[in-house]
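Structural characterization, general
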Amino acid sequence: MTLLEGPVFGPDGGLYLVDVMAPAGGPKVMKLDVSSGSVETVYTDDASAFTSAQFSPYDGRLYLTDFVGGTVQSVTDAGKDHRTFFQGTPDGVAMNPDDIAFDRDGNLYVTDAAGSQDPYWKPTGRLVRIDRDTAEGNVLARDLPAPNGIAFTAAYDGLWVSHNTGNQIDYLSLSADGRKVQTAHPAVHVSAGVGQVDSLAVDAAGNTYVGLHNRAAVLVYRPDGELTATIAAPGKDGVSSATNIAIRPGTTEGYMTVSGKDGGFIYGFTALADGVRQSNGG
């Protein structure tokens, strides 16, 4: 099957994305020209299962989370100079890294989606900060119900984290150095039916867009938690999930990754506010 994820606009204006289910040698990382519809393979290998992509504000490289291998890898925007940035076991436990949010200095905040698979009802997920310079992983929160999406607020004064098996979005404030969680609380309880919350993004006005697995729609919440919009994919293409979105920075030009039995698709939409770093990848 196809499961598209991690849409992010690169420095050349192309929309980069990953296919979680791409086979060995298949297009693990792709780039879409949204004007022409042409797609090219940027990177492939024989073993990874990438679930997100994000360009670092520090070194400009494309960072990729390998859910199965438990690593964070990076390549150039041309898919060259492959490096394994992080490969570790914070607090002695291997990770299932899912999504990434960079702070302004280029440190990584990664959701460890442990618990999204059997036994999926046990809250064993974590939030991990990975230092930009040392690549050391520090656990910020644990015993979470399969955390998936993550994004800083528009002002970088808090984090939104979505929980795949909890169908909720938490709000977390961090210490000044970003190494500890100061406060945390459930902010939004998502009524998703058979769906489960997936990745999320934040626009310039602070609206939070949360994708859904097993339901081809993206829900949009205001900063006060009010559901303000639902962006639904057309039903004609046999799609069942709309997992993530990207909004081109400085515009309301939005795109969402949609997948199902008939393959993977990119749908365009008009966002409620301009795109910023927090609405571009992860």
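In this text, all values refer to a predicted model and were calculated from it rather than measured experimentally.

Considering the side chain of S48
- Mapped onto the elements of the fold, S48 is located in the loop between β4 (39-43) and β5 (50-55).
- Polar side-chain contacts of S48 include one of 2.8 Å to the side chain of D45.
- With residues up to four places along the chain from it excluded, the contact list for S48 reads K28, D66 and Q73.

So, the nonpolar core
- Core analysis: the largest hydrophobic core is formed by 16 residues, its most contacted members being Y209, I245 and M256.
- Of all the elements in the fold, those that place two or more residues in this core are β19 (217-221), β21 (239-247), β22 (253-260) and β23 (263-270).
- At four residues, the largest contribution of residues to this core is made by β21.
- In this structure, A151, V190, V197 and V202 belong to the second largest nonpolar core, which totals 15 residues.

Focus on the pairing of strand β7 (residues 71-75)
- With five of five residues buried, β7 is to be regarded as a mostly interior element.
- Covered by surrounding structure in β7 are T71, Q73 and V75 together with V72 and S74, the residues of both alternating faces.
- Both strand β6 (residues 62-66) and β7 contribute to a ladder of five bridges, which runs antiparallel. Note on β7: the bridge partner recorded for D66 is T71.
- Taking the residues that link successive antiparallel strands as the turn, the β6-β7 hairpin has four residues, and the phi of G70 there is positive, at about 75°.
- The pairing of β7 with strand β8 (residues 83-87) spans four bridges and is classified as antiparallel. Across the sheet, residue S74 finds its bridge partner in β8, namely R83.

Things to note about the pattern of salt bridges
- Under the defined criterion, the tally for this structure stands at 13 salt bridges.
- Residue D81 is joined to R61 by a salt bridge in which the shortest nitrogen-to-oxygen separation is 3.0 Å. Taken together, the residues D81 in the loop between β7 and β8 and R61 in the loop between β5 and β6 connect sequence positions 20 residues apart.
- Residue classification places D81 among the partly exposed positions, given a relative accessible area of 41%.
- Taking the shortest distance from any N to any O, the salt bridge between R132 and D133 comes out at 3.0 Å.
- On the basis of relative accessible area, D133 is assigned to the exposed category, the value being 54%.
- Overlapping salt bridges, with partners in common, bring together D12, K31 and E40 in one network.

Describing the sheet that holds strand β2 (residues 15-19)
- The strand order β1-β2-β3-β4 describes an open sheet built from four strands, whose pairing is antiparallel. Strand pairing shows two members of the sheet lacking a second neighbour, β1 (4-9) and β4, which therefore form its edges. Taking each pair of neighbouring strands and ignoring which way they run, the sheet shows an average axis angle of 30°.
- With four bridges connecting them, β1 and β2 associate as antiparallel partners. Each bridged residue has a counterpart across the sheet, and for F9 the counterpart in β2 is L15.

Notes on the packing of aromatic side chains
- All told, the structure shown has 10 aromatic pairs when counted by the stated rule.
- Pairing Y43 with F50 gives two aromatic rings, centres 6.2 Å apart and planes at 45°, and the pair type is tilted.
- In this structure F50 comes out as buried when scored by relative accessible area, which is 1%.
- Each ring, one from F152 and one from Y156, has its centre 5.3 Å from the other, and the planes form 35°; the classification is tilted.
- For F152, a relative accessible area of 5% translates into the label buried.

What counts and how
Residues numbered from 1 in each chain as written. Predicted model: local features only at pLDDT ≥ 70, side-chain atom pairs only at ≥ 80, totals over all residues. Heavy atoms only, no water. Helix = DSSP H or I, 4+ residues; strand = E, 2+ residues; numbered from the N terminus. Polar contact = N/O pair within 3.5 Å; in protein donor to acceptor, adjacent residues only side chain to side chain. Contact = heavy atoms within 4.5 Å. Core = buried A, V, L, I, M, F, W, Y, C linked by side-chain atoms within 4.5 Å. Buried < 20%, exposed > 50% of the residue type's maximum accessible area, 1.4 Å probe, protein only. Pairing = 2+ DSSP bridges. Salt bridge = Lys/Arg side-chain N within 4 Å of Asp/Glu carboxyl O. Axes fitted to C-alpha atoms, helices over the stretch in contact; angles between N-to-C directions. Phe/Tyr/Trp six-rings, centres within 6.5 Å; stacked < 30°, edge-to-face > 60°.

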